[in-house]
Amino acid sequence: MKPKFVKNTRGSSQKQFRHLFIPILLVGIILTAGWIYLDIDDIQGTNPVAGDNGEKVKDEENKDSEETKDVVSEGDEEEVVNGQKDKEKQETENGKEETDQEDADQSAEIPPSEEWDRDLIVSKLDHFISPIEDAVITYADSHLPGADRAYRNGVHEGIDYFNEYVGVPIEIDTPVKSVAEGEVIRADHDFKELEKSYRDELLEETAELGKTPEDTLDKLRGKQVWVEHEHNIVVRYAHLNSIEAHIEEGYQIEQGEVLGGVGNTGTGAAAEGRDDGPHLHMEIWLGEDQRFLGEEKSIDETREILVEIFE
Ligand SMILES: [Zn+2]
């Protein structure tokens, strides 16, 4: 009985081991398969992409799906879709830490929309030079775009260069230079100063309308030169006293080339026959729908943009 009992016990142990062997083998296969899969995903560079943004992400994503295609059977859409799904799943598994990293990267690389505008403006205009040698941006907010112009019920659309505000003397016929190379699209050689009575009538009309009509504003800018630059940028130089003889419509002007001299044409003083208050008024119009630089921006932000471009 005893040997039989022992034999039976042994037989039972072997049976038990065999019973465990298959599940252990299955677990081993699953773990190995899982390890191989994760390793492939790392080769695909999925993880470094997770926290990235913008153009780079686009490129990486394209690269990713191409690589997924390479790893699975080529051109098999079903497989690619599964690859993407598994990639998403793995990103989720990587947990909160990675999500936090993603948020941090997004705030660092995608600025608010108004700052994006600003970067765009600066990137297009950073080659501009000051229209008046060595002049800085005025320190008076009332000389900047967006400032109120109560006398004509409107808003200032340009940048003023007045004596004692821009670091260099500004007088009648101080040379005005083109801020960049471009094409002259307007040169008012034949400008005639407004009669005081007529100018007063125009201003009374602005009070009735509650705004400055464009044709009135154009007369109040006096003698002007307009230059068109690349990227649909137009720069207007206003209140000029004089315009160089060769500055005509269609003329290709160089950066820094003198186009005329500072004056006070179009102003109340000029209408009364005086030559006080000479200043350059320069407007910068941007893009397809031609908005003036500073439109719908705070004066502080406009100032920062101008300083970044011109100083
Ligand atoms: Zn002005």
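Preceding this paragraph is the structure being described.
Since we're looking at a predicted model, the values are computed, not measured. In this convention, every chain numbers its residues from 1, walking through the sequence in written order. With the structure being a predicted model, the display of local features is reserved for residues of pLDDT at least 70 and the display and counting of side-chain atom pairs for 80 or more, all residues being used for whole-chain, interface and lining totals.

(A) Geometry of the overall build of the protein chain. Counting from the N terminus, the helices are the DSSP runs of H or I reaching at least four residues and the strands are the DSSP runs of E reaching at least two. Scanning the protein chain for helices and strands turns up ten helices and twelve strands. Here the contact rule is simple: place C-beta atoms from the backbone, and any two residues whose C-beta atoms are within 7 Å are in contact. Pairs at least 24 apart in sequence give 70% of the contacts found in the protein chain among residues at least 6 apart.

(B) Spotlight on the sheet that holds strand β10 (residues 258–261). Taking strand neighbours across the sheet as the criterion, the three strands line up as β4-β10-β8 in an open arrangement whose pairing is antiparallel. The open sheet terminates on both sides in strands that have one partner only, identified here as β4 (175–177) and β8 (242–243). For two strands to be treated as a pair, DSSP must find at least two bridges joining them. Bridge analysis of β8 against β10 gives two bridges, and the strand direction is antiparallel. From the neighbouring strand, isoleucine 243 faces β10, where its bridge partner is glycine 260.

(C) Local environment of the pairing of strand β11 (residues 279–286). Across the eight residues that make up β11, a large majority, seven, are buried. With four bridges joining them, strand β3 (residues 159–162) and β11 adopt antiparallel strand pairing. Bridge pairing links phenylalanine 162 to histidine 279 in β11. With five bridges connecting them, strand β7 (residues 233–238) and β11 associate as antiparallel partners. Bridge pairing in β11 links valine 234 to tryptophan 285. Bridge count for β11 against strand β12 (residues 291–292) is two bridges, and the pairing is antiparallel. Neighbour density around each residue's C-beta defines its exposure: 20 or more other C-beta atoms within 10 Å make it buried, 12 or fewer make it exposed, and counts between make it partly exposed, where C-beta atoms are placed from the backbone.

Keep in mind these numbers describe shape, not what the thing actually does.
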